[in-house]
Amino acid sequence: MIKLNLAVFLLFVLSHSCRDLPQYGHKQWQSYFGRTFDIYTKLWKFQQQHRQVLDNRYGLKRWQIGEVASKIGQLYYHYYLRTSETSYLNEAFSFYSAIRQRSYYHQVNKEDRPELVVKKLRYYARFIVVCLLLNKMDLVKVLVKELSEEIEDYTQRFNTEDQLEWNLVLQEVAAFVEADPLMLLNDDNAVVVISNRLQEGGVPPLEQGMVVGQLTLADALIVGNCNNQVKFSELTIDMFRMLQALEREPVNLATQSSKPGTLEPNEKPAKRENPHKYLLYKPTFSQLYTFLSASFKELPANSVLLVYLSATGVFPTGRSESEGPYDFGGVLTNTNRDVVNGEMVQKRSQKLKCANDILHPGDLFSFTRKPLFIIVDSSNSTAYKNFSNLFGQPLVCLLSPTVYPKSMQDQCQRGSLFTLFLYNPLMGFLSVCGLSSMRYGLWEKAQELLRKVFHDIGQMITSSRVIDQAYLQFYGDEFLRLLMIRFVFCCTTLRLHKLFREARSFPESYPPLPKQEMVESSLLQKHVLELAAMLDVQNLFSDDMLDNY
């Protein structure tokens, strides 16, 4: 028993140490994770081989086994975050699921120890995050209900100071689930859950004769710093969507062994399926710049760094005689962790705050020495169209609208429309049309039409004689190809929609895309109107084009 307790203690210490290690710098953290997984493997095998002796002679409790399994699941989850390999996410799910199926924490509520109940509540919160990332929404709803009952029991039995915190966790996850803009129903009126990760055949293929670059998306920084946006576990809804847009569909769990721990953590796939991602929730400027620098340093040859910024816009306080990269404002980074009702507490003067806590376009110039793909979803996204390509490397910026129609502004808390288009274009289209539910059969027909539309957009990009070469350099990567195609579709849709009349309501890009032969192409406009007719929302789009159509 002493040996087991020592192993549990070592696992606890090492798992916390691994969690606290900086995510950047692969060589800095991989060895620690390897050692931790090695100890866990020995511990897990030890308790399996000697379970009867541990139960009968030493009184091993089931919640102790559950605590070990929960720590292992947490390690796999953090390993997924650091490697972007969804197979580790599946392993985390296997351990968390086993804990619930085998009722390891069932007896905790009979113990008069609030700290044990908190372990159980934390397990539920972590399990919910993993299920959200795997799109297991039915199970999420069941877990939320169970967590609600556990929190109610916990608050009634123990008069602790963290009651409000756990109630806030419940509110956050409920809001996160409700942020889904669409309900798909089958013929039996049952909800259909779809995956929005990249699937086989989900991107227009490269065709013979297409001359494109051979660059590969290797790293992505996903930054979320929007005030009052729905979030759960330091993951805003926009971050959650972009995270999935940059991942391939994981292997179906049904094809894997149901036995937890079948995947060795030191196993490395022959080819990285997904780009490595850093998830930064409300980072300070220093934190963001540190991650940018580390990612830039470790970027392999012929690779691309993607920077996604979902953040509150900050505008210049007065007119400047110059028009440099620091004169148009930028997006907000976090001053500190002191937040009250979604607004940062001002501990310094506004002038000093604006000077130090804005990520300006000029702050990214140093990183254009390597291929850089930027997405800015912000009320001041257009500040980033004032770029200068100083080093001749491929550079593209996709920029959100800065103003939305009043009828759609209330939806921003549930995620940005622009990011929704990049995540799932059909959901974005339905959202601007005010459709919140539809039949799965009609969804499939609309998706089939979109596949044709995306094929045509791909042809336009690769055959254009006036498009900037940076787009062609990035087109060889499937993730970037799909993002560019979805961006063009978003541009065309919003330009045709009657409610989007201001120029500020349209996405922009740097370098600019050719309007006449692409975003305002008559062919794409006909496609959009065809989709509108299929969904019976023709009245929402331009009357002039409908007459021509």
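Residues numbered from 1 in each chain as written. Predicted model: local features only at pLDDT ≥ 70, side-chain atom pairs only at ≥ 80, totals over all residues. Heavy atoms only, no water.

- The protein is annotated in an unreviewed UniProt entry as Suppressor of cancer cell invasion of Cyprinus carpio.

## Digging into the pairing of strand 5 (residues 303-311)
Move 1: Summarising burial for strand 5: nine of the nine residues are buried, a large majority.
Move 2: Residues Ser-303, Leu-305, Val-307, Leu-309 and Ala-311 point to one face of strand 5 and Val-304, Leu-306, Tyr-308 and Ser-310 to the other, with burial holding for every one of them.
Move 3: Looking at chain direction, strand 5 and strand 11 (residues 372-377) are connected through six bridges and run parallel. Within strand 11, the position partnered with Ser-310 by the bridge is Asp-377. (Buried < 20%, exposed > 50% of the residue type's maximum accessible area, 1.4 Å probe, protein only. Helix = DSSP H or I, 4+ residues; strand = E, 2+ residues; numbered from the N terminus. Pairing = 2+ DSSP bridges.)

## Focus: helix 9 (residues 237-245)
Move 1: Along helix 9, nine of the nine residues are buried, which leaves the element largely enclosed by surrounding structure.
Move 2: Among the residues of helix 9, those classed as buried are Ile-237, Asp-238, Met-239, Phe-240, Arg-241, Met-242, Leu-243, Gln-244 and Ala-245.

## Here we look at the UniProt feature "coiled-coil region" (unreviewed entry) in the protein
Move 1: UniProt annotation of "coiled-coil region" (unreviewed entry) refers to residues 137-164 when read in the numbering used here.
Move 2: Across residues 137-164, the secondary structure splits into 82% helix and 0% strand, with the terminal C-alpha atoms separated by 25 Å. (UniProt positions renumbered as here; feature names shortened; annotations may be inferred.)

## Looking at empty space enclosed by the protein
Move 1: Enumeration over the complete set of coordinates arrives at three cavities of 30 Å³ or more.
Move 2: When its volume is computed, the second largest cavity comes out at roughly 40 Å³.
Move 3: In terms of lining, the second largest cavity is formed by Val-129, Leu-132, Leu-133, Phe-176, Phe-232, Leu-235 and Phe-240.
Move 4: Broken down by element, the lining of the second largest cavity gets its largest block of residues, three residues, from helix 6 (residues 114-133).
Move 5: Classifying every residue of the lining of the second largest cavity gives seven nonpolar, no polar and no charged. (1 Å grid on protein atoms, 1.4 Å probe; cavity = no way out; pocket = protein on both sides within 12 Å on 5 of 7 lines; lining within 4 Å. Points joined across faces, edges and corners; volume = space filled by probe spheres on them. Nonpolar A, V, L, I, M, F, W, Y, C, P; charged D, E, K, R; others polar.)

## Some remarks on the sheet that holds strand 6 (residues 313-314)
Move 1: One open sheet holds the three strands; their spatial order is 6-7-10, and the pairing between them is antiparallel. Taken across any chain shown, the strands that pair with only one partner, and hence form the sheet edges, are strand 6 and strand 10 (358-359).
Move 2: With two bridges joining them, strand 6 and strand 7 (residues 330-332) adopt antiparallel strand pairing. Directly across from Val-314, in strand 7, lies its bridge partner Gly-330.

## Points about the sheet that holds strand 13 (residues 437-439)
Move 1: Spatially, the three strands line up as an open sheet ordered 2-1-13, and their pairing is mixed. Of all strands in the sheet, those bounded by a partner on one side alone are strand 2 (191-192) and strand 13.
Move 2: In this sheet, strand 2 lies alongside strand 1 (residues 183-185) in antiparallel orientation, the contact comprising two bridges. Within strand 2, the position partnered with Leu-184 by the bridge is Val-192.
Move 3: The sheet contacts of helix 15 (residues 440-463) involve strand 1, strand 2 and strand 13, and relative to strand 13 the element is tilted by about 85°. (Contact = heavy atoms within 4.5 Å. Axes fitted to C-alpha atoms, helices over the stretch in contact; angles between N-to-C directions.)

## Overview of the state of the cysteines
Move 1: On inspection of all chains with the given rule, the structure shows zero disulfides.
Move 2: Free cysteine Cys-491: the closest other cysteine sulfur is in Cys-490, separated by 5.8 Å. (Disulfide = S-S within 2.5 Å.)

## Considering the side chain of Ser-400
Move 1: For Ser-400, the location among the structural elements is in the loop between strand 12 (395-399) and helix 12 (406-409).
Move 2: On the basis of relative accessible area, Ser-400 is assigned to the buried category, the value being 1%.
Move 3: Discounting chain neighbours no more than four positions away, the residues touching Ser-400 are Val-376, Asp-377, Ser-378, Ser-381, Phe-418 and Pro-507.

## Side note on the confidence of the model for the protein
Move 1: Of all residues in the protein, 83% attain a pLDDT of 70 or more, and the chain-wide mean is 84.
Move 2: Across the protein, element-level confidence peaks in strand 11 with a mean pLDDT of 98 and bottoms out in strand 9 (residues 343-344) with 38.
Move 3: Within the model, the stretch residues 253-258 combines pLDDT values under 50 with six contacts to residues more than four positions away or in other chains.
Move 4: Across residues 337-353 the pLDDT falls below 50, and counting only partners more than four positions away or on other chains, this stretch makes 30 contacts in the model. (pLDDT = per-residue confidence, 0-100.)

## Remarks on the layout of surface pockets
Move 1: A volume near 660 Å³ is recorded for the second largest pocket.
Move 2: Together, 28 residues line the second largest pocket, and Gln-199, Gly-202, Gln-447, Arg-451 and Arg-486 are the ones closest to its centre.
Move 3: Elements that contribute at least two residues to the lining of the second largest pocket include exactly helix 14 (425-432), helix 15 and helix 17 (478-496).
Move 4: Of the residues belonging to the lining of the second largest pocket, the class tally is 15 nonpolar, eight polar and five charged.

## Thoughts on the packing of aromatic side chains
Move 1: Applying the stated criterion across every chain, the model contains 24 aromatic pairs.
Move 2: Through successive ring pairs, a cluster of aromatic residues spans Phe-93, Tyr-96, Tyr-105, Tyr-123, Tyr-124 and Phe-127.
Move 3: When the ring centre of Tyr-475 is taken as origin, the NZ or CZ atom of Arg-481, which lies over that ring, is 5.2 Å away. (Phe/Tyr/Trp six-rings, centres within 6.5 Å; stacked < 30°, edge-to-face > 60°. Lys NZ or Arg CZ within 6 Å of the ring centre and 35° of its normal.)

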